[in-house]
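Residue strings, one per chain:
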Amino acid sequence: QVQLMESGGGLVQPGGSLRLSCTGSRSISSAISMGWYRQAPGKERDSVARIFRPDTTWYADSVQGRFTISRDNAKNTVYLQMNSLKPEDTAVYYCNVNYYSGNMWGQGTQVTVSS
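Quick summary incoming for the structure in this document. Bear in mind that the values here come from a model prediction, so they are computed numbers and not experimental data.

Here the focus is the state of the cysteines. In the structure shown here, the tally under the stated rule is 1 disulfide. Sulfur-sulfur distance for the disulfide between cysteine 22 and cysteine 95 comes to 2.0 Å. Since a negative S-S torsion denotes a left-handed disulfide, the cysteine 22-cysteine 95 link at about 55° is right-handed. With cysteine 22 in strand S3 (residues 18-23) and cysteine 95 in strand S9 (residues 91-99), this pair connects stretches of sequence that are 73 residues apart. In this structure, cysteine 22 and cysteine 95 share a single accessibility class: buried.

Encoded structure:
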């Protein structure tokens, strides 16, 4: 039942920016990796970005050069900075933290890119 707390979603025009935040009650400094997934209506949930300890990052081709994943250990928070947003980025975004004991997920936050 325990979930990560997500925030930062909303409605933006194409070309706009948003920053998503995900905060856990457990220290992320002990996590193996942290990441972001998204799911559009009628489609599967896809991985879009991930950061591995200590600081290696991975991005899906569809967001490469536009999205940046980062973390703040002091705040137990992982971020997803999204720039140059496109209509095809519209989806519910979920954060994920992979601990040695298992995975934790956020509740999801809606991102809508539309004119």
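A few words now on the sheet that holds S3. Strand order in the open sheet made by the 4 strands is S1-S3-S8-S7, with antiparallel pairing throughout. Among the strands making up the open sheet, the edge pair consists of strand S1 (5-7) and strand S7 (67-72). Across the sheet, the mean angle from the axis of one strand to that of its neighbour is 15°, orientation sign disregarded. Inspection of the sheet shows S1 paired to S3 by 3 bridges, in the antiparallel sense. When the bridges of S3 are listed, glutamate 6 appears paired with cysteine 22.

This next bit is on the nonpolar core. In terms of nonpolar packing, the biggest core is built from 29 residues, with Trp36, Ile69, Leu80, Met82 and Tyr93 touching the most fellow members. Breaking this core down by element, the ones donating at least two residues are S3, strand S4 (33-39), strand S5 (46-52), S7, strand S8 (77-82), S9 and strand S11 (109-113). With 5 residues, the single largest contributor to this core is S9. Those residues in contact with tyrosine 93 that sit more than four places away from it in its chain are Glu6, Leu20, Trp36, Tyr37, Arg38, Phe67, Leu80, Met82, Gly108, Thr109 and Val111.

With that settled, the discussion passes to the pattern of salt bridges. Taken as a whole and judged by the stated rule, the model has 2 salt bridges. Between arginine 38 and aspartate 89 there is a salt bridge whose closest N-O contact spans 2.9 Å. With a gap of 51 residues between them, arginine 38 in strand S4 and aspartate 89 in the loop between S8 and S9 connect regions that are remote in the sequence. Accessibility assignment for this pair places arginine 38 and aspartate 89 in one class, buried. Aspartate 89 is paired through a salt bridge with arginine 66; the nearest N and O atoms lie 2.8 Å apart. Remark: arginine 66 occurs in the loop between strand S6 (56-59) and S7 and aspartate 89 occurs in the loop between S8 and S9; sequence separation between them is 23 residues. Across this residue pair, the class does not change: aspartate 89 and arginine 66 are buried. Residues joined by salt bridges that share partners form a network here, namely Arg38, Arg66 and Asp89.

Parameters and conventions
Residues numbered from 1 in each chain as written. Predicted model: local features only at pLDDT ≥ 70, side-chain atom pairs only at ≥ 80, totals over all residues. Heavy atoms only, no water. Disulfide = S-S within 2.5 Å. Helix = DSSP H or I, 4+ residues; strand = E, 2+ residues; numbered from the N terminus. Buried < 20%, exposed > 50% of the residue type's maximum accessible area, 1.4 Å probe, protein only. Pairing = 2+ DSSP bridges. Axes fitted to C-alpha atoms, helices over the stretch in contact; angles between N-to-C directions. Core = buried A, V, L, I, M, F, W, Y, C linked by side-chain atoms within 4.5 Å. Contact = heavy atoms within 4.5 Å. Salt bridge = Lys/Arg side-chain N within 4 Å of Asp/Glu carboxyl O.

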